[in-house]
Amino acid sequence: MARVLAVSSMVVRGHVGNAAAVPVLQCLGHEVWSLPTVVLSNHPGHRRVGGVQMDAGKLEDMIEALGENGWLDELDAVLTGYLPSAAHVLLAARLVRRLKASSPRLLYLCDPALGDDPKGVYVAAEAAAAIRDELIGLADITTPNRFELAWLAGVAVADVPGAIAAAAALGCAEVLVTSVPDLRTARLVNVLATPDRQRSCPVPAHPSVPHGTGDMLAALYLGHRLAGRGIEAALGRTVAGVRAVVEASVGRDELALVAALGALADMAPDAVDGE
């Protein structure tokens, strides 16, 4: 069992942000400490949303309290997701630097939740720039979608070779890119790029997928890596797990995550192609 600090959004209804990441990581046997950057009624894709953005200073007070109680040193990993402002991003950067200084083996996964097709960047410009400039360089693992990878690397990403080249420019040990077009097969693939090798997994295209798949994917991959699984096994189980939840969620307005939790823990590895 690993202890993970998850810093992201929280919703009352549905499964996005920490409402997706926390149950997934718990399902895989890890203890999760949830630090919400915003608390919302639901994800903003619905007709109406209500909630509050958590003050970055208040979050820092909570972190300091955890530290003064002697608990921060218990952490094995940090996952960051939705960070609504530059202040939140800088808080996360200070936290990760602090934890890595005292525990160099701490694993940090940055899910750069800053934008997507077709809307583009959906966080403040200052927050997006801070994620690129402050967090990506600290991350051991990052899980951008195709749009986010292109924005972070500052290059076009239209296919798998483009994704591999852009991932190398980020400088992270493990870059898991989602929703990359494969021009050879006219399908979408997830691409995992590491310094020594690239791997890809095809994924089925659905006309409408509920929000939260990126949060779920990041948590699944981190959870499997923390469980000691190698890169291929972690990727295969992650892609298979996301596929199972998405297929169970067809026709719904939110991910059918709870119904699929039992299957996620024992999901068999999917086929992984090395490139």
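Presented here is a report on the structure given in the accompanying data block. (Residues numbered from 1 in each chain as written. Predicted model: local features only at pLDDT ≥ 70, side-chain atom pairs only at ≥ 80, totals over all residues. Heavy atoms only, no water.)

**With respect to the overall build of the protein chain**
Operational definition: Secondary structure elements follow DSSP: runs of H or I of four or more residues count as helices, runs of E of two or more count as strands, with numbering from the N terminus. The globule rule used here is 2.2 Å times the number of residues to the 0.38 power, and the radius of gyration it is set against is calculated over C-alpha atoms. Each residue is placed in one exposure class: buried if its accessible area under a 1.4 Å probe, protein chains only, is under 20% of its type's maximum, exposed if it is over 50%, and partly exposed if it falls in between. Contacts are residue-level and defined by heavy atoms, with any inter-residue pair within 4.5 Å sufficient. Accessible areas in this description were obtained via Shrake-Rupley with a 1.4 Å probe; residue shielding takes into account the shown protein chains only. Counted as positive: Lys and Arg. Counted as negative: Asp and Glu. His and the chain ends are not counted at all. One atom stands in for each charge, and that atom is NZ of Lys, CZ of Arg, CG of Asp or CD of Glu.
Secondary structure summary: the protein chain contains 9 helices and 12 strands in total. Over its C-alpha trace the protein chain gives a radius of gyration of 17 Å, about what one expects of a compact globule, namely 19 Å for 275 residues. Projecting the C-alpha coordinates of the protein chain onto the three principal axes gives extents of approximately 55 × 40 × 40 Å. Counting only residues that meet the buried cut, the protein chain has 52% of its 275 residues in that class. Taking the intrachain contacts of the protein chain between residues at least 6 apart in sequence as the baseline, contacts between residues at least 24 apart amount to 69%. Accessible surface for the protein chain amounts to roughly 11800 Å². Of this, 53% is attributable to carbon and sulfur atoms. When the 22 basic and 30 acidic side-chain charges of the protein chain are each reduced to a single mean position, those positions are 3 Å apart.

**Structural notes on the pairing of strand β2 (residues 31-40)**
Using the following cut-off: Two strands are counted as paired when DSSP detects at least two bridges linking them. For crossovers, right-handed means that the path from the first strand over the helix to the second runs clockwise, given strands pointing away from the viewer.
For β2, the tally of buried residues reaches 7 of 10 residues, placing the bulk of the element in the interior. Of the strand pairs in this sheet, strand β1 (residues 3-11) and β2 are connected by 8 bridges, and their pairing is parallel. Following the sheet pairing, M10 is matched in β2 by V39. Tracing the backbone out of β1, into helix α1 (residues 18-27) and back to the parallel element β2 gives a crossover that is right-handed. When β2 meets strand β3 (residues 51-53), the two strands line up antiparallel, connected through 3 bridges. Each bridged residue has a counterpart across the sheet, and for V39 the counterpart in β3 is V52.

**Quick word on the packing of helix α8 (residues 231-248) against helix α9 (residues 257-265)**
We count it as follows: Helix axes use the C-alpha atoms of the stretch in contact, all axes being lines fitted to C-alpha atoms, and the angles between their N-to-C directions lie in the range 0 to 180 degrees. Convention used here: angles under 35 degrees read as roughly parallel, angles over 145 as roughly antiparallel, angles from 65 to 115 as roughly perpendicular, and any remaining angle as oblique. Definitions for this section: a left-handed crossing has its near helix turned counterclockwise from the far helix by less than a right angle. A right-handed crossing has that turn clockwise.
Contact pair α8 / α9: the axes reach a minimum separation of 9 Å and the direction vectors enclose 150°. One finds that α8 runs roughly antiparallel with respect to α9. The hand of the α8/α9 crossing is right-handed. Of α9, the residues touching α8 (which contributes R237, G241 and V245) are L257, A260, L264 and A265.

**Remarks on the packing of helix α2 (residues 56-68) against helix α3 (residues 86-102)**
Keep this limit in mind: Gly is put with the polar residues, along with every residue not named as nonpolar or charged; the nonpolar set is Ala, Val, Leu, Ile, Met, Phe, Trp, Tyr, Cys and Pro, and the charged set is Asp, Glu, Lys and Arg.
For the pair α2 and α3, interaxial distance at closest approach is 9 Å and the crossing angle is 15°. Taken together, the axes of α2 and α3 lie roughly parallel to each other. For α2 against α3, the interelement crossing comes out right-handed. Residue-level contacts link A56, L59, E60, I63, E64 and G67 of α2 to A87, H88, L91, R94, L95 and R98 of α3. The residue inventory of the contact of α2 with α3, partitioned by class, reads 6 nonpolar, 2 polar and 4 charged.

**Overview of the pairing of strand β9 (residues 174-182)**
Most of β9 is tucked away: 7 of the 9 residues are buried. Of the pairings in the sheet, the one linking strand β8 (residues 141-142) to β9 comprises 2 bridges and is parallel in character. Note that in β9 the partner of T142 across the bridge is V175. Taking the residues that link successive antiparallel strands as the turn, the β9-strand β10 (residues 187-194) hairpin has 4 residues, and the phi of A186 there is positive, at about 60°.

**So, the side chain of D182**
Among the structural elements, D182 can be located in strand β9. According to the relative accessible area criterion, D182 is buried, its value standing at 7%. Ignoring sequence-local partners within four residues, the contact set of D182 consists of V160, R187 and V189.

**Describing the environment of C110**
Counting through the fold element by element, C110 comes out in strand β5 (residues 107-110). Spatially, the C-alpha atom of C110 lies 9.9 Å from that of A92, the residues being 18 residues apart in sequence. Setting aside chain neighbours within four positions, we find C110 in contact with T80, I131, L135, I136, A139, I141, T142 and T143.

**With respect to unusual backbone geometry**
Residue D117 is joined to P118 through a cis peptide bond whose omega torsion reads 0°. Structurally, the position occupied by P118 is in the loop between β6 (115-116) and β7 (120-121). Residue S179 is not a glycine yet carries a positive backbone phi of 60°. Here S179 shows up in strand β9. S179 gets classed as partly exposed once you look at its relative accessible area, which sits at 36%.

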